[in-house]
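Secondary and tertiary structure notes
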Amino acid sequence: MPDRYILFVDDDAAQQDLFETAIQDWNEKNAETGRCWHHETAETVEQAEGLLRRQRFDAALFDLRVRSEDQVAQSANPTGNRLALMAMRERGIPVAIMTADESVLEEEVRDAGQVRVFDKNAAENDDGTAYDQAVAWFSELWGMLGVLEAARSKIDSSAAEVFLRRIWPKWSSFAALEDGSDMDLVDIVTRQYVSHIAELLGLDGPDALAWHPFEAYVSPSLLEDRSHTGDIFDLDGDTWVVLTPQCDMATQKVPNVILAKCLPGIKDWKEKVQTLKEAKSKKKKKEPAEFLRSCVNQNLGPAKHFLPPLPGHDEPLLVHFGDLKSISMEELNQRLGDRVASIAAPFLSNVVQRFGAYISRMGQPNIDVERFG
C-alpha cells in the first residue's frame, strides 16, 4: 500500500518535535497495516509555497501564523489562510490548521469542507495532542487520498498521450497564435488537454469501465453565477430541468427559459435494486439487472426520459417532455439557490436530443381503421 505525504509548516522547533512525535507514534501503531506517513517541513510561507508547487502532497498542516521570510506574520492577516487557500484551490488536498484563535480564519477557509481546525494550545487528552488528532483525521481519509492519487496519475498518463498524439503534432499551429493575436494560448492548449483527456477516459467500448450513476450529475453546479442547460431546480416543491439550448443559455440573451417537469419514481425500482443487492449468483442478478438496464437505455415512450436518482435520493427521475413551462431568464438566475444539481456533460446531449426528437414528431393522421374492412 503506497505511503502518504504531508506538508507541515511551522517555524517553532517545539511544535516541529510534537508533530514528528505524532507521526512516529501513528506509524508505529499502524505498522502491521503497511501504512506510513511521511512529512516535509517548511518554516516560512515562501518555502511552503515552493514545496506545494514543486512536489505532490496528500495533505497539509499549517500553523495559522507561520512567518514570512521578509517579515513576521501579521496578526490581522494570518499567512496560514493564504497557504490553506493555495493548497485547496491549486492542489485540492485536505488541510489541517493549528491555531488558538479561530476568529482570524478567513470565511472561505472556515467554511471549506476539506479543512479541519485544531487548537494547538489545547491540553493533551485521551485522543492525544492536537497533532495526534490532526494525523488521525488525515488517516481517516486514507482511502480517499489513495483514490485521488491514483486518479491524478491516470490523468498525468492520459495527458502525456494527448500531448504526444494530439498537441505536439499541431504545435506549430498553436504557436502561431502568439503573433499578436488576442487569443490566449494557455487557455486554448488547456482546453485541448482537458477535452481530449475526458474524451479518452469516457469513450464507450468493450473494455471501457461502465459509468457510475453519480457521474450523471454535477453538484454543486459548475456555473455558480448563472443557470445553464441541464440544470435541475426545485421550484415550489416540484423538480424541473432546463432544456433551452446551450447557446442561448450561454449568451443569456433569450428572455425566457424552457423547463420540463421531472417526476420521481419508477414502478418496482426499489424492489429491483434491493433484489440486485441481495442476489448471490449471476442467475439471480440477471432479471433485476435487465430491468434497471432497460431504464438506463431509455426503453421508454418518446415523451419520457430516465435520469438516475439525484444526489442524496434513492428514486430515479422521469423527465416528462409533455409537461413544460417557461420562466424568465432573470427570475431563474435569481433562484440559483433552488438549483439542486446539473446533468453532467456526457449525459446532457442525450436528454436534449430526445427532447428535440419528441417536439419534432410530425405524427400520423388518425385513419379510421374500420374502413379497412
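Residues numbered from 1 in each chain as written. Predicted model: local features only at pLDDT ≥ 70, side-chain atom pairs only at ≥ 80, totals over all residues. Heavy atoms only, no water.

1. Here we look at helix 6 (residues 142-167)
One turn of the α-helix equals 3.6 residues, which is why residues spaced by three or four share an orientation. So the rule is basically this: Only DSSP runs of H or I covering at least 4 residues are called helices, and only runs of E covering at least 2 are called strands; the numbering of each starts at the N terminus. Multiply 1.5 Å by the residue count of a helix minus one, and that product is the helix's expected span. Each residue gets one of three labels from its accessible area relative to the maximum for its type: buried under 20%, exposed over 50%, partly exposed in between, using a 1.4 Å probe on protein chains only.
The end-to-end C-alpha distance of helix 6 is 35 Å, a good match for the 38 Å that 26 residues give at a rise of 1.5 Å each. Looking at helix 6, one finds that the buried residues are Trp142, Leu145, Gly146, Arg152, Ser158, Ala159, Val162 and Ile167.

2. Considering the sheet that holds strand 8 (residues 238-242)
Using the following cut-off: Strands are labelled as partners when DSSP assigns at least two bridges between them. The contact definition used throughout considers only heavy atoms, calling two residues in contact when any of these lie within 4.5 Å. The angle between two axes is taken between their N-to-C directions and runs from 0 to 180 degrees, where each axis is a line fitted to C-alpha atoms and a helix contributes only its stretch in contact.
Spatial strand order, 6-12-7-8-9-11-10: seven strands in an open sheet with antiparallel pairing. Only two strands of the sheet have a single partner each, and these edge strands are strand 6 (217-218) and strand 10 (304-307). As paired elements, strand 9 (residues 256-264) and strand 11 (residues 317-328) share nine bridges and run antiparallel to each other. Its bridge partner being in strand 11, Lys261 is matched across the sheet by His320. Across the sheet, helix 13 (residues 345-359) touches strand 9, strand 10, strand 11 and strand 12 (339-343), and the angle it forms with strand 11 is around 80 degrees.

3. Considerations on the nonpolar core
Most often, soluble globular proteins keep nonpolar side chains buried together rather than apart. What counts is decided by this rule: Among the buried residues, those of types Ala, Val, Leu, Ile, Met, Phe, Trp, Tyr and Cys that are joined through side-chain atoms within 4.5 Å form a nonpolar core.
Of all hydrophobic cores here, the largest spans 25 residues; its most connected members are Leu7, Val9, Leu52, Phe62, Val95, Ile97 and Val109. Breaking this core down by element, the ones donating at least two residues are strand 1 (4-9), helix 2 (45-54), strand 3 (59-63), helix 3 (79-91) and strand 4 (95-98). In terms of residue count, helix 3 provides more of this core than any other element does, six residues in total. What Val9 contacts, discounting residues up to four positions off in sequence, is Ala42, Thr44, Ala48, Leu61, Phe62, Asp63, Val66 and Leu83. Formed by 21 residues, the second largest nonpolar core is a distinct cluster that contains Phe19, Ala96, Tyr131 and Ala134.

4. Section: the sheet that holds strand 3
Judged by pairing direction, the sheet is parallel, and its five strands sit side by side in the order 2-1-3-4-5 without closing on themselves. Unpaired on one side and paired on the other, strand 2 (37-42) and strand 5 (115-118) mark the two borders of the sheet. Neighbour-to-neighbour, the strand axes of this sheet turn through a mean angle of 20 degrees, independent of strand direction. As paired elements, strand 1 and strand 2 share six bridges and run parallel to each other. Bridge pairing links Tyr5 to His38 in strand 2.

5. As for the pattern of salt bridges
Where we set the bar: Any Lys or Arg side-chain nitrogen located within 4 Å of an Asp or Glu carboxyl oxygen qualifies as a salt bridge.
Here the structure, examined in full by the defined rule, presents 17 salt bridges. For Glu287, the salt bridge is made with Lys272, and the minimal N-O distance between the two is 2.7 Å. Here Glu287 is found in helix 11 (residues 282-296), whereas its partner Lys272 is found in helix 10 (residues 269-278), with 15 residues between them in sequence. Residue Glu287 is classed as partly exposed on the basis of its relative accessible area of 42%.

6. Here we look at the packing of helix 2 against helix 3
Our working rule: For classification purposes, an angle smaller than 35 degrees is called roughly parallel, one larger than 145 roughly antiparallel, one from 65 to 115 roughly perpendicular, and anything else oblique.
It is the contact of helix 2 with helix 3, at a shortest axis distance of 11 Å, that shows an interaxial angle of 5 degrees. Taken together, the axes of helix 2 and helix 3 lie roughly parallel to each other. Each of Val45, Ala48, Glu49, Leu52 and Arg53 in helix 2 lies in contact with helix 3, whose residues at this interface are Thr79, Arg82, Leu83, Met86, Ala87 and Arg91.

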